[in-house]
Amino acid sequence: MKATTKTPIHVVWSWVRRQPPKVKAFLAVVTGMAALVLLRFIVHDHDNLFVAAEAVHSIGICVLIYKLMKEKTCAGLSLKSQELTAIFLAVRLYCSIVMEYDIHTILDLATLGTTLWVIFMIRFKLRASYMEDKDNFPLYYVLAPCVALAVFIHPSTSHNIINRISWALCVYLEAVSVLPQLRVMQNTKIVEPFTAHYVFALGVARFLSCAHWVLQVVDTRGRLLVALGYGLWPSMVLISEIVQTFILADFCYYYVKSVFGGQLVLRLPSGVV
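Just so it is clear, the structure is predicted and the values come from calculations on it, not from any experiment.

Criteria and thresholds
Starting afresh in each chain, residues are numbered from 1 along the sequence in its written order. Owing to the predicted nature of the model, reporting of local features is limited to residues with pLDDT of at least 70; listing and counting of side-chain atom pairs is limited to 80 or more, with chain, interface and lining totals taken over all residues. Hydrogens and water are ignored here; the side-chain numbers use all heavy atoms of the structure. All axes are obtained by fitting lines to C-alpha atoms, using only the stretch in contact for helices, and the reported angles, taken between N-to-C directions, cover 0 to 180 degrees. Secondary structure elements are defined from DSSP: runs of H or I of at least 4 residues count as helices, runs of E of at least 2 residues count as strands, and each element is numbered from the N terminus. If you view the pair so one helix is near and one far, a crossing is left-handed when the near helix is turned anticlockwise from the far one by less than a right angle, and right-handed when it is turned clockwise. Every residue pair with non-hydrogen atoms within 4.5 Å of one another is taken to be in contact. Two N or O atoms form a polar contact when they lie within 3.5 Å of each other; inside protein one atom must be a possible hydrogen donor and the other a possible acceptor, and for residues adjacent in sequence the pair counts only when both atoms belong to side chains. The rule is short: rings of Phe, Tyr and Trp, with Trp giving its six-membered ring, pair when the centres are within 6.5 Å, and they are stacked under 30 degrees, edge-to-face over 60, tilted in between. Accessibility here uses a 1.4 Å probe with only protein chains present; expressed as a share of the type maximum, an area under 20% marks a residue as buried, one over 50% as exposed, and anything in between as partly exposed. Any angle that is under 35 degrees is reported as roughly parallel, and any over 145 degrees as roughly antiparallel; angles of 65 to 115 degrees are reported as roughly perpendicular and all others as oblique. All amino acids are sorted into three groups, where Ala, Val, Leu, Ile, Met, Phe, Trp, Tyr, Cys and Pro are nonpolar, Asp, Glu, Lys and Arg are charged, and the leftover types, Gly among them, are polar. Candidate patch residues must exceed 30% relative accessible area and have no salt bridge, after which like charges are joined if within 9 Å and Val, Leu, Ile, Met, Phe, Trp or Tyr side chains if within 5 Å. A 1.4 Å probe and the Shrake-Rupley method give the accessible areas. Residues count as covered only by the protein chains that appear here. What makes a salt bridge here is a side-chain nitrogen of Lys or Arg within 4 Å of a carboxyl oxygen of Asp or Glu, nothing more. Here a cavity denotes a set of grid points, spaced 1 Å apart and computed over the protein atoms alone, in which a 1.4 Å probe fits but from which it cannot get out, and a pocket denotes an open set meeting protein on both sides within 12 Å along at least five of seven lines; residues with an atom within 4 Å of a point are reported as lining. Grid points are joined across faces, edges and corners, and a volume is the space filled by probe spheres set on the points.

K.L.:
Would you take a moment to explain the packing of helix 4 (residues 79–99) against helix 7 (residues 161–176) for this structure?
P.N.:
The geometry of a pair of packed helices is captured by two quantities: the angle between their axes and the separation between those axes. Relative orientation of the contacting elements helix 4 and helix 7 amounts to 145°, with a least axis distance of 9 Å. Judged by the twist between their axes, the crossing of helix 4 over helix 7 is left-handed. Taking contact as the criterion, the partners of Leu84, Ile87, Phe88, Val91, Arg92, Tyr94, Cys95, Val98 and Met99 in helix 4 are, on helix 7, Asn163, Ser166, Trp167, Cys170, Leu173, Glu174 and Val176.

So, in structure tokens, the structure goes:
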């Protein structure tokens, strides 16, 4: 029999899989830092990273639309995650219109429109395939803390207090909006391809957004934090970006592992997400 030749990528991946969890966590941190350094040198305008993050999010939504239209089922999708996404996008769109009005406004409008369409399909057209019993993450677990944080910790800029609280609310909601979707996947243990592609796209978008903020802070030598205001708000912005990245890091690891293993359906072990 002819021996199968393994590529260097498969050799490295096989070595990583054999390592203990602590080593894998260390390698993940090193890889993330290396990616940040790489992005700093190849992307000259780091504002483009934020645009790229929103574009990748839009691509993820388009994957969902393709799934709903082709397979005529919403099995494995979390309606609650889509509703949280619509809320933070609507709030961010409002803030963008009254405070900035730039390319982000257009991207947010497009993403909000497609997200509302996904919600409509799940609620009305494909309701029979919706796994309501699996989508059991209580929304008040995230809504109440996010509202409370926004009221007490928000920007100290010259904008209207309602606008500042709204700005903070969309930042906090975005950080945790994926939690109901992760709960659905945790309950089912099996993630079909289109849903896996969507959540992976969210993970990439979160990383790019986090990279945007981290690199902006580095480039301005911390002056960006001062521009955001005083108090806890600047730190909470960075913490929110880092939290939403790490929330999806575990899933993204198993997604990449599944892709390299040639598996179309992602099977999650107990304790993941």
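Moving on, there is more to tell.
K.L.:
Looking at this structure, how should I read the side chain of Thr85?
P.N.:
Position of Thr85 among the secondary structure elements: in helix 4. Engagement of the side chain of Thr85 in a polar contact is seen with the backbone oxygen of Ser81, the distance being 2.8 Å. Residue contacts for Thr85: discarding those within four places in its chain leaves His57, Thr115 and Ser177.

K.L.:
Looking at this model, I keep getting lost on the packing of aromatic side chains. Mind explaining?
P.N.:
Under the criterion given, the structure shown has six aromatic pairs. Ring plane angle 85° and centroid distance 4.9 Å describe the contact between Tyr140 and Tyr141, whose orientation is recorded as edge-to-face. Look at Tyr141 and you get partly exposed, because its relative accessible area is 48%. Centre to centre, the rings of Tyr172 and Trp233 are 6.1 Å apart; their planes meet at 75°, and the pair counts as edge-to-face. Residue Tyr172 is found in helix 7, and its partner Trp233 is found in helix 11 (residues 233–260); the two are separated by 61 residues along the sequence. You can call Tyr172 buried: its relative accessible area is 3%. Taking relative accessible area as the criterion, Trp233 reaches 1% and is therefore assigned buried.

K.L.:
Quick question: what am I supposed to make of the packing of helix 4 against helix 5 (residues 103–125) here?
P.N.:
Remark: helix 4 packs on helix 5, axes separated minimally by 9 Å, with the N-to-C direction vectors making an angle of 155°. Considered as vectors, helix 4 and helix 5 are oriented roughly antiparallel to each other. The chirality of how helix 4 crosses helix 5 is left-handed. Here Leu79, Gln82, Glu83, Thr85, Ala86, Leu89, Ala90, Arg92, Leu93, Ser96 and Ile97 of helix 4 come into contact with helix 5, specifically with His104, Thr105, Asp108, Leu109, Thr111, Leu112, Thr115, Leu116, Val118, Ile119, Ile122 and Arg123. Considering only residue class, the contact of helix 4 with helix 5 consists of 12 nonpolar, seven polar and four charged.

K.L.:
Even after reading the chapter, I still don't get a nonpolar patch on the surface, so can you show me in this structure?
P.N.:
The grouping of Tyr94, Ile97, Val98, Ile161 and Ile162 at the surface amounts to a nonpolar patch, some 430 Å² of accessible area in total. Counting only elements with at least two residues in the nonpolar patch, the list comes to helix 4 and helix 7. For the nonpolar patch, the leading source of residues is helix 4, giving three residues. Position of Ile162 relative to the elements: it lies in helix 7.

K.L.:
Could you clarify how one ought to interpret empty space enclosed by the protein in this entry?
P.N.:
In this approach, a probe sized like a water molecule rolls over the atoms, and the result shows the empty space that is left. Scanning all chains against the criterion turns up two cavities of 30 Å³ or more. Of the pockets and cavities examined, the largest cavity occupies roughly 100 Å³. Around the largest cavity sit Phe50, Ala53, Glu54, His57, Leu89, Arg92, Asp108, Thr111, Glu174, Ala205, Arg206 and Ser209, which together line it. Among the elements of the structure, helix 3 (47–71), helix 4, helix 5 and helix 9 (193–219) are those that each provide at least two residues to the lining of the largest cavity. Within this model, the second largest cavity holds a volume of roughly 40 Å³. If you trace the second largest cavity, you find it lined by His57, Ser81, Thr85, Phe88, Ser177, Val178, Gln181, Tyr198, Leu202 and Arg206. Those elements giving two or more residues to the lining of the second largest cavity turn out to be helix 4 and helix 9.

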